[in-house]
Amino acid sequence: MGMSIPQYLGQMDIRKGVVGLATGAGFIYLLYKAIRAGIKCQPPLYTASPICIARECTGPGERALPQEAPAPEASSVGGPKGLAVERERHGRDSGELRRLLNSLEYKQDEYAKSMILHSITRCVYLLEAEASSCTTDDISLVGSMLDDKDNSVKIQALNTLKAFSGIRKFRLKIQEHTIKVLELVSTIWDSELHVAGLRLLNSLPLPDYVHPQLRRVMPALMEILQSEYILAQVQATRLLSYLAQKNDLLYDILNCQVHSNFLNLFQSTQPGSLLFEVLVFAERLSEGQNSPHYRVVKWHYNEQSLHEALFGDESRLADRLLALVIHPEEEVQIQACKVIVSLQCSQDVGVRPSSCRPSYSYFNSGE
């Protein structure tokens, strides 16, 4: 027909005279704008950043670019538009991260603080140079948000500290908040907070001075492990696996009380990610109790302890492990075999697992 889209839509509007087509025209125009923006947008080059998929644009009121920088394209809604990641890639400081940190110092409501912290987290991952130029005072400022009364602010602060923990020079400063994080995780029953707090703890080496606090929160960690929120369970198991390698914490873990259905965590119906982590945990516990350092003491465990659930006379762990050897996921199969070997080795060296009668072998010769 040779007509442009606006001409065609104009004729249709005249003929039909209904509002519905105006809506349709608006949709087509928005679709056209989206396609045009997608064609013009070029993704940034990949860097070593943990995340390189998000983009940030300056908006009205944002600090202007340096004088030598080319003027950004004007957006259709007014105000300059740019790309913070692109500016950093070309050696220019966008100032976005500093602006956000400065705004966090002012009195804000809970929603505003939560959104600012979320934006800071994104900037830390995306703008490596700007994040590295931050100071320990900035870490302290973010850490102070852990005392906020609103859980969403606490969660975002934990995520921000986790982002900063990827920068080596901030790790010691972030470690100062370890006891506070353990307190939050053990006293607030919020799955998202558990995930955020445990992810942060798993990203840091835990100093020896927090071991007394770790003993106190061990029951809470075990409860999170037995909860029904997969992400929190995975993070709790990873932390417990790490702690199981500490000689002075191993007994506290093994003697921790668990539910009677604890071995359900080893069922093949569990997600592969969780199965793998609990199998690693079981292997670490088996290796720990098999170590000469641990075997020189005759340990006493309560009847509902983790030790009795996994390694006691009435444990059905062997049955669960044998079923997992044919699990569809290869890493689960391999890890199940590692636990079996570890358990058999512990029997071969005559480990005395508890004050009860000597334990029988987990796997008979036929199996």
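A few points on the structure. Just so it is clear, the structure is predicted and the values come from calculations on it, not from any experiment. (Residues numbered from 1 in each chain as written. Predicted model: local features only at pLDDT ≥ 70, side-chain atom pairs only at ≥ 80, totals over all residues. Heavy atoms only, no water.)

Concerning helix α4 (residues 96-105)
Owing to its 3.6 residues per turn, the α-helix brings residues three or four apart onto one side. Of the positions making up α4, those classed as buried are Glu96, Leu97, Leu100, Leu101, Ser103 and Leu104. Along α4, the residues classed as buried sweep out an arc of 160° about the axis, all on the same side. Where the residues of α4 are buried, they touch α5 (110-126), α6 (128-132) and α7 (136-144). (Buried < 20%, exposed > 50% of the residue type's maximum accessible area, 1.4 Å probe, protein only. Helix = DSSP H or I, 4+ residues; strand = E, 2+ residues; numbered from the N terminus. Arc of directions from axis to C-beta. Contact = heavy atoms within 4.5 Å.)

Observations concerning the packing of aromatic side chains
This model, assessed by the stated rule, comprises five aromatic pairs. Geometrically, the ring pair formed by tyrosine 251 and tryptophan 299 is stacked, given 4.7 Å between the ring centres and 25° between the ring planes. With tyrosine 251 in helix α14 (residues 247-254) and tryptophan 299 in the loop between α16 (292-295) and α17 (306-311), this residue pair connects regions lying 48 residues apart in the sequence. We classify tyrosine 251 as partly exposed; its relative accessible area is 23%. (Phe/Tyr/Trp six-rings, centres within 6.5 Å; stacked < 30°, edge-to-face > 60°.)

What about the nonpolar core?
Counting 88 residues, the largest nonpolar core has Phe262, Phe266 and Leu285 as the members making the most contacts within it. Among residues more than four places away in sequence, those in contact with phenylalanine 266 are Leu275, Val278, Leu279, Ala282, Leu310, Leu317, Arg320 and Leu324. (Core = buried A, V, L, I, M, F, W, Y, C linked by side-chain atoms within 4.5 Å.)

A word on the pattern of salt bridges
By the definition in use, this model includes 10 salt bridges. Residues aspartate 138 and arginine 98 are paired through a salt bridge, measuring 2.8 Å at the closest nitrogen-oxygen approach. Here the residue aspartate 138 occupies a position in helix α7, and arginine 98 occupies one in helix α4, the gap between them amounting to 40 residues. Residue class for arginine 98 comes out partly exposed when judged on its relative accessible area of 32%. With a shortest N-O distance of 3.2 Å, aspartate 252 and arginine 215 are connected by a salt bridge. Taken together, the residues span a long stretch of sequence, with aspartate 252 in helix α14 and arginine 215 in helix α12 (residues 211-225) at a distance of 37 residues. For arginine 215, a relative accessible area of 32% translates into the label partly exposed. (Salt bridge = Lys/Arg side-chain N within 4 Å of Asp/Glu carboxyl O.)

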